[in-house]
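Per-entry structural report
Spelled out from the first residue to the last, the chains are:
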Amino acid sequence: MGELPDEKVVRRLAGPSERFVSDCPKALPSDFEPSSKDKAHTPVLVSVWDVALTTLQQAESLSPPAKRLSFLVNVTEVRALKGPNVYYDTYVPPTGAPAVSPRTGGHAGISGLERGARTRPEWRDLLARMSELAKFEPESRTLFCPSA
Amino acid sequence: MNPSLRSFLTVASLLSESHLDDKKVLASAASRVEVGLPAAMDASEQRWQQFLTNLRDSQTVTAAQVTSARRVWCAIRQEVDGASPPQTTVAPSGSLYLVWQTESHLAEIEIMESGKLEWFMRNRKTGVFSGSDDHELSDLPPEFLSAAPELFVS
């Protein structure tokens, strides 16, 4: 499980699709909350994709079908939060999905975003700072962004 | 009594009475005025209210979550003129999140399946934050409503 080099950019496909926004979406703290699947992994890794290795379309096709929003995050900035880190991770396709292929090599995960021993406000603060780093990728599919 | 607390308790009381359920609050101009909302919904609130209804009808979230979300909205709308409906999403945990973001602040309310609440607020410029810590509140505390009214206006 290797660390991603600094200056890499990763893509977070936020879900689920049930989302209300009045303008172009901003990432929310909850977009970086580990899912139950993420928490089953040791260490807990919030799923992301290296944009240099896996395109948006590939990442979407390898993710559960849903209307997804994509946010881009710089790895160096994630590390500056002091705690989270980003690692390449073996991609495990969901049942019925295409077998593992070279394009899945960009799968990675952000560690250190689980609550752990933090108080709730400390944890939400970490997720809020994480979400502030994320930039909306207008190419991602959305029904809610009129100007995308 | 603190005016914020009094107005919130009025809303909470109205919405907890069986004769004034959230559908009536949405449908009736008189009921909306009674709980401190403008008589007519603007387009943005209409979309948000419909979004909540859809979440409830599709059983994506519980009825208790939607009722709590509407109570929170009534309280904030009553307190803050021109408040905008929050960004709203359902987390993997099943919690419904209401989020207001401005350049300087972020405020977040988590509504659990039971309808109980947790809150969090952060000043992005100073990094100062506060929030509930596993308190599972029934109502929003006045400190949340009075903290930074401009926060709720986009």
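**Focus: the overall build of chain B**
In terms of regular secondary structure, chain B is built from 6 helices and 5 strands. In sequence order, the secondary structure elements of chain B are arranged as α-α-α-α-α-β-β-β-β-β-α. Burial statistics for chain B: of 154 residues in total, 52% are counted as buried. Considering only contacts within chain B whose residues lie at least 6 apart along the sequence, 46% involve residues at least 24 apart. Entry remark: accessible area of chain B is about 6,700 Å², with carbon and sulfur atoms responsible for 51%.

**A closer look at the interface of chain A and chain B**
The parts lose accessible area when they come together, and the size of an interface is often stated as this lost area. Listed per partner, the contact involves 25 residues of chain A and 31 residues of chain B. Both faces considered, chain A and chain B share a buried interface measuring about 2,500 Å² in area, 54% of it formed by carbon and sulfur atoms. When the area that chain A buries against chain B is broken down by residue, the three leading residues are E18, F20 and R120 of chain A, summing to 30%. In this structure, the connection of chain A to chain B is made through 7 salt bridges. Among the ionic pairs, R115 of chain A bridges to D134 of chain B, the shortest N-O distance being 2.7 Å. The interface formed by chain A and chain B holds 13 residue pairs in polar contact (both at pLDDT 80 or more) in total.

**As for the nonpolar core**
If you look at the biggest cluster of nonpolar residues, it comprises 31 residues, and the most contacted ones within it are I76, L96, L98, I109, F144 and F152 of chain B. Elements represented by at least two residues in this core include exactly α4 (43–57), α5 (63–79), β2 (96–101), β3 (105–111), β4 (117–123) and α6 (142–147) of chain B. Ranked by the residues each element gives to this core, the list is headed by α5 of chain B, at 7 residues. With sequence-adjacent residues up to four places away left out, L96 of chain B is seen in contact with L52, L55, V61, Q65, A69, T88, T89, V90, I109, E110 and I111 of chain B. A14, V78, L126 and F136 of chain A belong to the second-largest nonpolar core, a separate cluster that totals 24 residues.

**Some remarks on the confidence of the model for chain A**
Residue and element names in this part refer to chain A. When pLDDT is averaged across chain A, the result is 84; 81% of the residues are at 70 or more. Of all secondary-structure elements in chain A, the lowest mean pLDDT belongs to strand β2 (residues 19–20), at 85, while helix α3 (residues 75–79) reaches the highest, 98. Under a pLDDT of 50 for its full length, residues 143–148 has, in the predicted model, 10 contacts with residues more than four places off or in other chains.

**Things to note about the pairing of strand β4 (residues 69–74) of chain A**
Residues and elements named next belong to chain A. Within β4, 5 of the 6 residues are buried, which leaves the element mostly enclosed by the surrounding structure. Here 2 bridges tie β4 to strand β7 (residues 135–136), and the two strands are oriented antiparallel to one another. Of the residues in β7, the one forming a bridge with L72 is K135.

**Regarding the packing of aromatic side chains**
All names here are of chain B. In this structure the tally under the stated criterion is 5 aromatic pairs over all chains. The interplanar angle of 55° and the centroid separation of 5.5 Å between the aromatic rings of W48 and W73 together place this pair among those described as tilted. Of this pair, W48 sits in helix α4 while W73 is found in helix α5, placing the two residues 25 residues apart along the sequence. The buried category is assigned to W48, whose relative accessible area is 0%. Both rings, one in F120 and one in F129, keep their centres 6.0 Å apart while their planes meet at 40°; by these two values the pair is tilted. Looking at F120, the relative accessible area reads 0%, which means it is buried.

Each value, and the rule that gives it
- Residues numbered from 1 in each chain as written.
- Chains lettered and ligands numbered in written order.
- Predicted model: local features only at pLDDT ≥ 70, side-chain atom pairs only at ≥ 80, totals over all residues.
- Heavy atoms only, no water.
- Helix = DSSP H or I, 4+ residues; strand = E, 2+ residues; numbered from the N terminus.
- Buried < 20%, exposed > 50% of the residue type's maximum accessible area, 1.4 Å probe, protein only.
- Contact = heavy atoms within 4.5 Å.
- Areas by Shrake-Rupley, 256 points an atom, 1.4 Å probe, with all protein chains shown as cover.
- Buried area = accessible area lost by both parts, 1.4 Å probe.
- Salt bridge = Lys/Arg side-chain N within 4 Å of Asp/Glu carboxyl O.
- Polar contact = N/O pair within 3.5 Å; in protein donor to acceptor, adjacent residues only side chain to side chain.
- Core = buried A, V, L, I, M, F, W, Y, C linked by side-chain atoms within 4.5 Å.
- pLDDT = per-residue confidence, 0-100.
- Pairing = 2+ DSSP bridges.
- Phe/Tyr/Trp six-rings, centres within 6.5 Å; stacked < 30°, edge-to-face > 60°.

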